[in-house]
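An overview of the molecular structure
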Amino acid sequence: MEGGVNVADKAEFKECLRLTWTQPYILQLVLSAGIGGLLFGYDTGVISGALLYIRDDFAAVEKSTVLRETIVSMAVAGAIVGAALGGWMNDKFGRRPSIIIADALFFGGALIMAFSPTPTVIIVGRVFVGLGVGMASMTAPLYISEASPARIRGALVSTNGLLITGGQFLAYLINLAFTKVPGTWRWMLGIAGLPALVQFILMLMLPESPRWLYRKGRKEEASEILRKIYPANEVEQEIDAMRQSVEEEVLLEGSVGEHSLIGKLRKALGSKVVRRGLMAGVIVQVAQQFVGINTVMYYSPTIVQLAGFASNNTAMALSLITSGLNAIGSVVSMFFVDRIGRRRLMLISLVGIIVWLAVLGGTFLGAAHHAPPVSNVETRLFANQTQTCPQFNPSVSWSCVNCLKAASTCGFCAHQGDKLLPGACLALNDASRRTCRADQREFYTEGCPNNFGWLALIGLGAYIVSYSPGMGTVPWIVNSEIYPLRFRGICGGIAAVANWVSNLIVTQTFLSLTKALGTSVTFFLFCGVSFLALVVVFFTVPETKGLQFEEVERMLECKDYKPWKRYQGVNDVEPAKNSEEGLTAP
């Protein structure tokens, strides 16, 4: 709600269920727009499994860590551009057309990937998919936020996060379903276009955001939409509140330089309110990525293999655990985000992330120290059937870890009877893999056999449980609430770009870091970054729970503003000396 009668800190999830039952139009809007989150999640999950089979089909991908990272991360690079364009398109053309265009891009990218003859064409398709995902990732929460009653806004925006995690879980299920079908990865990537097609059709039948329409002078259209969203006894109050809110913003924003992108950006950054909100919004988006979540979501099967599970099918099946926990965590967020609060939920989440990343680092460290050695006798058994690792020197003591780190790219063929006994180090190629498996042995290319694998899976699951309810969904909620309406599109775009740039950095470097530093050191590095994120979030991100958009703006302009202070409402604000000071002062 815009008027501030009902506040979110009094809302419970049962109120969300009640309203969506009595006012089903709300649910229709939320679920249709939320398919953008499903697209986001499906892309994240599907590439993690498809990559295992792309690697098997193309020798260049098998041998090049950078090429694998590029196939994954080019969607992220496209999303950066898509998020930036989405911010501008949201303000210029509206929320609904932005989602429709995002669907068309995603659908086209899925078809390109499905029929790719080379890794290069896969990368092109990934860029198209990324453009669509980037636009949808920042538009869907905005659309839902502006079409939701304030007392359940947090829960409804969390629905987008639930659909992201649901999309990831669905992707892992579909990956498993196609493991025995010819053209495995082509089916996995091609089916990704179906959710985009469904949303494209649904959005053609839905209206624009009422707040955007009202701001563009289409007042009667906005009023009609509000009549479908709110109970009859609340409609007129909501229309009047929205009118006052938008008219106040139009008066405040002025006319100089406001209608161009550069002018709007200059005006935004000249506002103390926007700068404070943007700092918080960008920080939570960057922190969301730098805690390492997409090392798990984009490379989950690979991490399972790093933990000592060699089989592609096993790796994907076990990855279902992490994606399932991620979906459950999103449901938990929907229950508690309006009760506990955005800021507190993120801080609790970060504490758990730090603890479990440390556990993961320690687990992988122990696994590396107990990796089975390479045996010259075992290696020589394969000398006549396939090529042994060119760098292997029988006079030097090697373990499985040394074998997998060899510059010439090698794989470890485990002992036939007990995988923890000394094995063979072979050149990484199809012949070596077939010969090793024909002898009833496991062939390892990512991680080594060890007894720590299940502990790593437990740590991975606990990390997801800590991440999903807080850092997984709350940053998007904060960014849908913390900016003035007139700058919400451009600021949301900036924050989304920051999220995707951070995502790109993490995604493009994870496998290289594990090769250069080792898996344990990489997780310890993410642990340290997460601790830094905890400190920065504590000192820069305010609580927006229970506040209307206008109250958030007044909080940010308060002259004694402190992010860690709890602001309850209008009466708590000690305003600046004049009404313009908080909005224009540098």
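Under an unreviewed UniProt entry, the chain has the name Major facilitator superfamily (MFS) profile domain-containing protein and belongs to Panicum hallii var. hallii. Per UniProt, the comment on the chain under Sequence similarities (unreviewed entry) is "Belongs to the major facilitator superfamily. Sugar transporter (TC 2.A.1.1) family."

Let's shift gears to the environment of Ile123. Within the fold, Ile123 resides in helix α6 (residues 119–146). For Ile123, a relative accessible area of 17% corresponds to the buried category. Excluding its chain neighbours within four sequence positions, the residues that come into contact with Ile123 are Leu67, Thr70, Ile71 and Met74.

This next bit is on empty space enclosed by the protein. Applying the stated criterion across every chain, the model contains 6 cavities of 30 Å³ or more. Approximately 90 Å³ is the volume attributed to the second largest cavity. Lining of the second largest cavity is provided by Ser137, Met138, Pro141, Leu142, Gln285, Trp476, Asn479, Ser480, Gly492 and Ala496. With 4 residues, the top contributor of residues to the lining of the second largest cavity is α6. When the residues that make up the lining of the second largest cavity are grouped by side-chain class, the tally is 5 nonpolar, 5 polar and no charged. Three or more residues apiece are contributed to the lining of the second largest cavity by two domains, here domain 1 (9–206) and domain 2 (271–370 + 453–560).

Here helix α14 (residues 272–290) crosses helix α23 (residues 474–481) at 165°, and the two axes come no closer than 9 Å. Considering their axes alone, α14 and α23 lie roughly antiparallel with respect to each other. For the crossing formed where α14 meets α23, the hand is left-handed. Here Gly281, Val284, Gln285 and Gln288 of α14 come into contact with α23, specifically with Pro475, Trp476 and Asn479.

Quick notes on the rules
- Residue numbers restart at each chain and count upward from 1, following the sequence in its written direction.
- For a predicted model such as this one, the threshold for reporting local features is a pLDDT of at least 70, and the threshold for listing and counting side-chain atom pairs is 80 or more; totals across whole chains, interfaces and linings nevertheless cover every residue.
- By convention in this description, side-chain values take in all heavy atoms of the structure and omit both hydrogens and water.
- UniProt positions are given in the numbering used here, feature names are shortened, and annotations may be inferred rather than shown by experiment.
- Going along the chain from the N terminus, every DSSP run of H or I of four or more residues is numbered as a helix, and every run of E of two or more is numbered as a strand.
- For each residue, the accessible area found with a 1.4 Å probe, counting protein chains only, is set against the maximum for its type, and the residue is called buried under 20%, exposed over 50%, and partly exposed in between.
- Any pair of residues with heavy atoms lying within 4.5 Å of one another is described as a contacting pair.
- Cavity means a closed set of points on a 1 Å grid over the protein atoms alone, one where a 1.4 Å probe fits but cannot get out, pocket means an open set with protein on both sides within 12 Å along at least 5 of 7 lines, and lining means a residue has an atom within 4 Å of a point.
- Grid points are joined across faces, edges and corners, and a volume is the space filled by probe spheres set on the points.
- Classes in brief: Ala, Val, Leu, Ile, Met, Phe, Trp, Tyr, Cys and Pro nonpolar; Asp, Glu, Lys and Arg charged; the others, Gly included, polar.
- Boundaries of every domain are those given by an automatic assignment or by a domain database.
- Axis definition: a line fitted to C-alpha atoms, limited for helices to the stretch in contact. Angles are taken between N-to-C directions and run from 0 to 180 degrees.
- Here the word oblique covers every angle except those under 35 degrees (roughly parallel), over 145 (roughly antiparallel) and from 65 to 115 (roughly perpendicular).
- Working rule for handedness: look at the near helix, and if it is turned counterclockwise from the far one by less than a right angle, call the crossing left-handed; if clockwise, right-handed.

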